[in-house]
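Listed below are the residues making up each chain.
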Amino acid sequence: NIASPGVFILGKIVINGGKRLFGSVCIHGAKNAVLPVMAASLMNEGVTVIRGCPDIADVRAMCGILNHLHCKTDFKKGCLVIDTSMAEYEEIKAEDTKQLRASSVLMGPVLTRFGKVRLAYPGGCSIGSRPLDIHLHALKCLGASWSVSEDFIEMETTGLHPSEITLRFPSVGATENALMAAAAQCGTTVLYNAAKEPEIESLCAYLEKCGAVITGAGTECIRVRGKGVLQSAEFFAKPDRIVAGTYMAAVAACGGSVYLQGVTPSLCRGFLDVFTGMGMDIRMEGEAMLVQMYHRPVNLHKICTGAYPDFPTDMQSMVLSVASVGEGTLILKEQIFENRFKTVPWLKKMGADITLSGDSVLVKGVETLKGSEVYGEDLRGTAALITAGLAAQETTVIHDADYILRGYMDLCENLKGLGAEIEWENS
Ligand code: EPZ
């Protein structure tokens, strides 16, 4: 069994910026594809194998929750084996759910397996209020009743059944909960206004291997025909598109030429055109996507985040760092989360010319940022501070850097391998 969920060490990252990046990096498996499959493993009473699984704190935390539900987990060399044959009902406590937002996608599988669920409110990055009303609506359509208290969500059912569900917003997590609960029922459920992210398609592919028949994955209308039981299956995680985008942002901000192993332009849909628009050259060479930047980035006029395939909110903070040193002015509008501009004060401390107003920021690129002491406050925001530190002159210290452990394997080591002067130091 894995000992304990990812326990954060209080670390900081020290960067001497201004170095261009050259070399090759292998992009690990997708966090947001693996986490729902880990939850879905509860819906069969067998052994689920997840290959290409990233060894990151969120996966460790989800393993901890599965262990709490009496599942066995064994994680070796990127292969995670989950044995749910002995799973038993337990309420899922705050110390577990507070560590990751993805604990919300346990609701569908736990309800399916045990007929009830008591889940402390999920945690995760403080990028907004992150309500769960769409999840609860979808599961209620499928036959669950729910009540919420100050700290807990409780659900139960006398039996889930197929349904026609319309989501008021294409929530990724709510789509995942609905798909999983529907896949385990006898009959056809139709999901309207479903999320279209690649992680939805990979979850549907996994659920089909478990025995469901699914059409429309990746579109706004998904039909799920369940046969009442799901068997165990293997899952192969694709490379993490946001991790790939993180290295692209670093090259865009610093300049250089880097091979991203296992990445293709289609994996980067929604943000590839932002980087090429800023002047990045991108082409395939064998199994790797070569990204090159030989001049200062040129800022686009306006970028708006949106649901897939629009520009992804998870890339917003990093592109903001790149634009801070770009030529010209960018308006960046955040339309998914209401509190996802936490890097702005820190970028301003580094000399960026940024004005925040409501859900948008106006960035006027400056020639160089100056190294400073800054603080990480969420996963992608901390990755964005690293991007800024790599591009800045002199030394940047990023305190509370532990956030990156939630979603990145070996980020500092890989960047060092590309020529960055970057060190992780335990505080
Ligand atoms: C997933 O979060 C990802 N997390 C997020 O990535 C990503 O930013 C987000 O999708 C959007 O793409 C995982 O997959 C584990 P949503 P999720 O439900 O499912 C509102 C990262 O850095 N909403 O699509 O929580 C919500 O407040 C993380 O890897 C409701 O109002 O996102 C937000 O404004 C950060 N009610 C919007 O919808 C609900 O019931 C999108 O949320 C659910 C969501």
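Because the structure is predicted, anything quoted here is derived from the model rather than measured.

Asker: I'd love a proper account of the overall build of the protein, names of residues and values included.
Answerer: Scanning the protein from N- to C-terminus turns up 13 helices and 23 strands. Over its C-alpha atoms the protein spans a radius of gyration of 21 Å, differing by no more than 12% from the 22 Å that the globule rule assigns to 427 residues. Counting only C-alpha atoms, the protein reaches 65 × 50 × 40 Å along its principal axes. Considering only residue pairs separated by 6 or more positions, the protein has 73% of its internal contacts joining residues 24 or more positions apart. If you sum the accessible surface of the protein, you get close to 16000 Å²; carbon and sulfur atoms cover 52% of it.

Asker: Tell me what's going on with the pairing of strand β15 (residues 281-285), and back it up with residues and numbers.
Answerer: Across five bridges, β15 lies against strand β16 (residues 288-293) in antiparallel orientation. Looking at β16, one finds that Glu285 is bridged to Ala288. Between β15 and β16, which pair antiparallel and follow one another directly, the connecting turn spans two residues, one of which, Gly286, has a positive phi of 65°.

Asker: Give a detailed account of unusual backbone geometry, specifying residues and quantitative values.
Answerer: In this structure, Pro309 follows Tyr308 across a cis peptide bond, with omega equal to 10°. Here Pro309 is to be found in the loop between β17 (302-304) and α10 (316-324). Positive phi values are uncommon outside glycine, yet His70 reaches one of about 70°. Examined against the element boundaries, His70 turns out to sit in the loop between α2 (57-68) and β4 (72-76). Here His70 falls in the partly exposed class, since its relative accessible area comes to 31%. For Lys77, which is not glycine, the phi dihedral falls at a positive 45°. Relative to the helices and strands, Lys77 is located in the loop between β4 and β5 (79-83).

Asker: Lay out the sheet that holds strand β7 (residues 145-148) with the relevant residues and their values.
Answerer: With antiparallel pairing, three strands are arranged side by side in an open sheet as β6-β8-β7. Edge positions in the open sheet fall to β6 (116-120) and β7, since each of these has one partner strand only. In this sheet, adjacent strand axes meet at a mean angle of 10° when their direction is disregarded. Here β6 runs beside strand β8 (residues 152-156); their pairing, made up of five bridges, is antiparallel.

Asker: Can you explain the environment of Leu203? Please cite residues and give values.
Answerer: Within the secondary structure, Leu203 is located in helix α7 (residues 198-209). For Leu203, a relative accessible area of 0% puts it in the buried group. For Leu203 and Phe235, which are 32 residues apart along the polypeptide, the C-alpha to C-alpha distance reads 9.0 Å. With residues up to four places along the chain from it excluded, the contact list for Leu203 reads Pro36, Val37, Ala40, Glu176, Leu179 and Met180.

Criteria and thresholds
- Residues numbered from 1 in each chain as written.
- Predicted model: local features only at pLDDT ≥ 70, side-chain atom pairs only at ≥ 80, totals over all residues.
- Heavy atoms only, no water.
- Helix = DSSP H or I, 4+ residues; strand = E, 2+ residues; numbered from the N terminus.
- Rg over C-alpha atoms; globule rule 2.2 N^0.38 Å.
- Contact = heavy atoms within 4.5 Å.
- Areas by Shrake-Rupley, 256 points an atom, 1.4 Å probe, with all protein chains shown as cover.
- Pairing = 2+ DSSP bridges.
- Buried < 20%, exposed > 50% of the residue type's maximum accessible area, 1.4 Å probe, protein only.
- Axes fitted to C-alpha atoms, helices over the stretch in contact; angles between N-to-C directions.

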